[in-house]
Amino acid sequence: MTTVMTTAQRLAAADALALTWVDNAGITRVKVVPAARVDAAARHGVGMSPVFDVFLLDDSATSSPYIGGPTGDLRLVPDLEMLTPLAAQPGWAWAPADRRAQDGTPYPGCQRTYARRMVDRAAARGLRLRAGIEIEWFVGRDAAGAVAVGEPAADPGGAAAPVPVGVGPAYGMARVVELSDYLRELLRALAAQGVEVLQLHPEYSVGQLELSTAPTDPVTAADLSVLIRATIRAVGARYGLVTSFAPVVYGADVGNGGHVHLSLWREERNLCQGGQGPGGMTAEAEHFVAGLLRALPELCAIGAPSVASYLRLVPSHWAGAYQCWGLENREAALRFVSGAVDERAELANVEVKCADLTANPYLLLGALIAAGLAGVDAGATLPPQVTGDPALLDDAGREASGVRRLPRSLADAVAALEKSALLREALGDPMFEAVLAVRRAEIELFANATTEQVVAATRFRH
Ligand code: GLU
Ligand code: MG
């Protein structure tokens, strides 16, 4: 990731380069070129069908008004600034790709280009964003049978729930002891890849872990979400472990979030602190957060985009199931993080908790920025914050505080997205329609499925 080394130096020990992009179902797809082809790939791109824009999480395809069908070709163009040797996949390097038309012009369905466009939209207002996506995951032994260290899992893409490892208490040191080699190797791999980890901890559920990284510009934050997940999966594979980033892995257990942290900056000033607004926000930061708050229902169709997302997005699971904000409130969909007093200038931020890791991170960051900027343009203001768990208020209490449940199903979220002039404009018609088509087709795919079937079909895909 570091740009100090040249591309040739970073590729020195690599035989293969993985070029990734993320489709509208949130699946990371790849094309691989031999390391010797990197210059050609950067110059001309690598061929790829646009049909993946309407692929579903089970690899079936739907169609949409602008995108779909077997015809056409795009060029995957690696971003060599991000080229990173993969520490847990010796001989491999990775780079995220932009997708362009064959004549080199931007492709309207490219989610990474879209995220960059929203960053530019902020810049046109003199604003910039810093972002980070938290990664939660479950690690376990393949249910099909234990495998020896260094061997591939017998059923890596299988649907069966893994047998958890790391079985001590939530946040418990016992889990770290049990998994100490694995965790150390993970930290070492990420450090070797230039990823700045802030912290790592055993999460609430058995076998669940979480890692957070230092804020970066939004497109890099989305790239890192892809890179870090690949690294976690690869380190696990070296220990014969399987990894799940799915919103729900074991029935009714607490699931995996993919919380997004955002801070808004004007030049070198973090606008999320030092102001007169709630929690010390400046007026512009309040407008931005208010823009996020009012758009949360439609943002759920981007940030909690799978049928399984709504098995996780339930009250009293720290998932942020209510449309409200609160200072350091882990049950509010928007948790305002003021941070330690001496770190505020750098780190005060708003955390979007309702998102999970089935989201396409580029689409999500772009949509969050678009919603926040719409709030800035409108001078939107925040309602009073909510303290405590909104689930504990009665209906009258929630009504009085203006707190609503976020969508309870993907269908509810899609209904909000369909009406969203904000996101239609920001995504542009081709991408907006493709996203809608994928969401509708996944709803249809699981129309008659049991909860367990939805969980199983989503467990190892993202
Ligand atoms: N695992 C919770 C979720 O689904 C989040 C726990 C936390 O606040 O870190 O979002
Ligand atoms: Mg967590």
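Since we're looking at a predicted model, the values are computed, not measured.

S.K.: Help me understand the overall build of the chain, please; the structure alone is not making it clear to me.
M.R.: Looking only at helices and strands, the chain features 15 helices and 18 strands. For 462 residues, the compact-globule estimate of 2.2 N^0.38 gives 23 Å, and the C-alpha radius of gyration of the chain, at 21 Å, lies within 12% of that figure. Counting only C-alpha atoms, the chain reaches 60 × 55 × 50 Å along its principal axes. Here the chain holds 462 residues, and the buried ones make up 58% of them. Sequence separation of at least 24 residues holds for 72% of the intrachain contacts in the chain that already meet a minimum separation of 6. Total accessible area on the chain is roughly 17700 Å²; 55% of this is exposed by carbon and sulfur atoms. Once the 40 positive and 51 negative side-chain charges of the chain are each reduced to a mean point, those two points are 3 Å apart.

S.K.: Any chance you could explain the site of ligand 1 here in plain terms?
M.R.: Residues in close proximity to ligand 1 total 14 residues, the closest being Glu136, Gly255, His259, Arg312 and Lys353. In this structure, Glu210 approaches ligand 1 through a side-chain N or O atom, which is 3.2 Å from an oxygen atom. Between ligand 1 and the protein, one listed contact pairs an oxygen atom with a backbone N or O atom of Gly257 at 3.5 Å. For ligand 1, the protein covers 95% of the area, taking 300 Å² as the surface of the free molecule. Taken together, the residues of the shell around ligand 1 break down into three nonpolar, six polar and five charged.

S.K.: In this structure, what is going on with the pattern of salt bridges? I would like to understand it.
M.R.: If charged atoms from side chains of opposite charge come close, those side chains can pair. Throughout the structure, instances matching the rule amount to 21 salt bridges. Across the pair Arg424 and Asp429 runs a salt bridge, and its minimum N-O distance is 2.7 Å. A relative accessible area of 30% places Arg424 in the partly exposed class. Take Asp429: its relative accessible area is 30%, and that puts it in the partly exposed class. Ionic pairing is found between Glu433 and Arg424, a salt bridge with its closest N-O pair at 3.0 Å. Through salt bridges that share partners, Asp79, Asp98, Arg112, Arg116 and Asp223 make up one connected network.

S.K.: When you look at the coordination of the magnesium ion (ligand 2) in this model, what are you seeing that I'm missing?
M.R.: Note on metal geometry: ideal angles are 109.5 degrees for four donors arranged tetrahedrally and 90 or 180 degrees for six donors arranged octahedrally. For the magnesium ion (ligand 2), the protein coordination sphere consists of Glu136 (OE), Glu203 (OE) and Glu210 (OE), at 1.8 to 2.2 Å. Positions of the donor residues of the magnesium ion (ligand 2) along the chain correspond to the pattern E-x66-E-x6-E. Highlighted residues: Glu136 in strand β8 (residues 135-141) and Glu210 in strand β11 (residues 208-213), separated in sequence by 74 residues. There is no split in this pair, since Glu136 and Glu210 are both buried.

S.K.: Help me understand the packing of aromatic side chains, please; the structure alone is not making it clear to me.
M.R.: Where two aromatic rings form a pair, the distance of their centres and the angle of their planes describe that pair. Going through the model one piece at a time under the given rule, you end up with four aromatic pairs. Measuring from centroid to centroid gives 5.4 Å for Phe138 and Tyr250, while their planes differ by 70 degrees, and the two rings are edge-to-face. Of this pair, Phe138 sits in strand β8 while Tyr250 is found in the loop between β12 (241-244) and β13 (260-266), placing the two residues 112 residues apart along the sequence. The buried category is assigned to Tyr250, whose relative accessible area is 19%. Between the aromatic rings of Tyr182 and Tyr239, the centroid separation amounts to 6.2 Å while the plane-to-plane angle is 85 degrees, which identifies the pairing as edge-to-face. With Tyr182 in helix α5 (residues 180-192) and Tyr239 in the loop between α6 (218-238) and β12, this pair connects stretches of sequence that are 57 residues apart. No difference in accessibility class separates Tyr182 from Tyr239, as the two residues are buried. Taken together, the ring pairs in this structure connect Trp21, Phe52 and Phe55 into an aromatic cluster. Lying across the ring of Trp318, Arg330 places its NZ or CZ 5.6 Å from the centre.

S.K.: Looking at this model, I keep getting lost on the nonpolar core. Mind explaining?
M.R.: Generally speaking, soluble globular proteins have nonpolar side chains that are buried together. Formed by 98 residues in total, the largest nonpolar core has its most connected members in Trp137, Tyr182, Val260, Leu262, Leu292, Leu313 and Leu334. Of all the elements, helix α7 (residues 283-303) adds the most residues to this core, at 12 residues.

S.K.: Teacher, can you tell me more about unusual backbone geometry here?
M.R.: Most of the time, phi is negative for any residue but glycine, and the peptide bond is trans. Residues other than glycine seldom take positive phi values, yet Glu267 does so here, at roughly 50 degrees. For Glu267, the location among the structural elements is in the loop between β13 and β14 (269-270). Look at Glu267 and you get exposed, because its relative accessible area is 66%.

S.K.: I would appreciate a short explanation of the pairing of strand β1 (residues 16-22) in the present structure.
M.R.: Put simply, side chains in a regular strand alternate between the two faces of the sheet. Of all the seven residues making up β1, seven are buried; the element is thus mostly covered by neighbouring parts of the structure. Side-chain alternation along β1 places Ala16, Ala18, Thr20 and Val22 on one buried face and Leu17, Leu19 and Trp21 on a second face that is also buried. Both β1 and strand β6 (residues 92-100) contribute to a ladder of five bridges, which runs parallel. By the bridge assignment for β6, Leu17 is matched with Ala93. Judged from the seven bridges that link them, β1 and strand β2 (residues 28-34) form a sheet pairing that is antiparallel. Note on β2: the bridge partner recorded for Thr20 is Val30. Connecting the antiparallel pair β1 and β2 is a turn made up of five residues, with Gly26 showing a positive phi of about 90 degrees.

S.K.: When you look at the environment of Asp429 in this model, what are you seeing that I'm missing?
M.R.: Within the secondary structure, Asp429 is located in helix α14 (residues 429-445). Separated by 45 residues in the primary sequence, Asp429 and Pro384 place their C-alpha atoms 35 Å from one another.

S.K.: What's the story with the side chain of Gln111 in this structure? I'm lost.
M.R.: With respect to the helices and strands, the residue Gln111 is situated in helix α3 (residues 111-123). Judged by relative accessible area, Gln111 falls into the buried class, the value being 2%.

S.K.: Whenever I open this one, the environment of His462 confuses me. Can you help?
M.R.: Mapping His462 onto the fold places it in the segment after α15 (451-458). On the basis of relative accessible area, His462 is assigned to the buried category, the value being 6%. Each C-alpha atom, one on His462 and one on Leu357, is 7.1 Å from the other, the two residues being 105 residues apart in sequence. Beyond its immediate sequence surroundings of up to four residues, His462 is in contact with Ala25, Gly26, Ile27, Leu57, Arg229, Arg233, Phe245, Leu357 and Thr358. A polar contact of 3.1 Å, which involves the side chain of His462, links it to the backbone oxygen of Ala25.

What counts as what
- Residues numbered from 1 in each chain as written.
- Chains lettered and ligands numbered in written order.
- Predicted model: local features only at pLDDT ≥ 70, side-chain atom pairs only at ≥ 80, totals over all residues.
- Heavy atoms only, no water.
- Helix = DSSP H or I, 4+ residues; strand = E, 2+ residues; numbered from the N terminus.
- Rg over C-alpha atoms; globule rule 2.2 N^0.38 Å.
- Buried < 20%, exposed > 50% of the residue type's maximum accessible area, 1.4 Å probe, protein only.
- Contact = heavy atoms within 4.5 Å.
- Areas by Shrake-Rupley, 256 points an atom, 1.4 Å probe, with all protein chains shown as cover.
- Lys, Arg positive; Asp, Glu negative; His and termini not counted.
- Charge placed at Lys NZ, Arg CZ, Asp CG, Glu CD.
- Near = heavy atom within 4 Å.
- Polar contact = N/O pair within 3.5 Å; in protein donor to acceptor, adjacent residues only side chain to side chain.
- Nonpolar A, V, L, I, M, F, W, Y, C, P; charged D, E, K, R; others polar.
- Salt bridge = Lys/Arg side-chain N within 4 Å of Asp/Glu carboxyl O.
- Donors = N, O, S within 2.8 Å, 3.2 Å for Na, K, Ca; no water.
- Phe/Tyr/Trp six-rings, centres within 6.5 Å; stacked < 30°, edge-to-face > 60°.
- Lys NZ or Arg CZ within 6 Å of the ring centre and 35° of its normal.
- Core = buried A, V, L, I, M, F, W, Y, C linked by side-chain atoms within 4.5 Å.
- Pairing = 2+ DSSP bridges.

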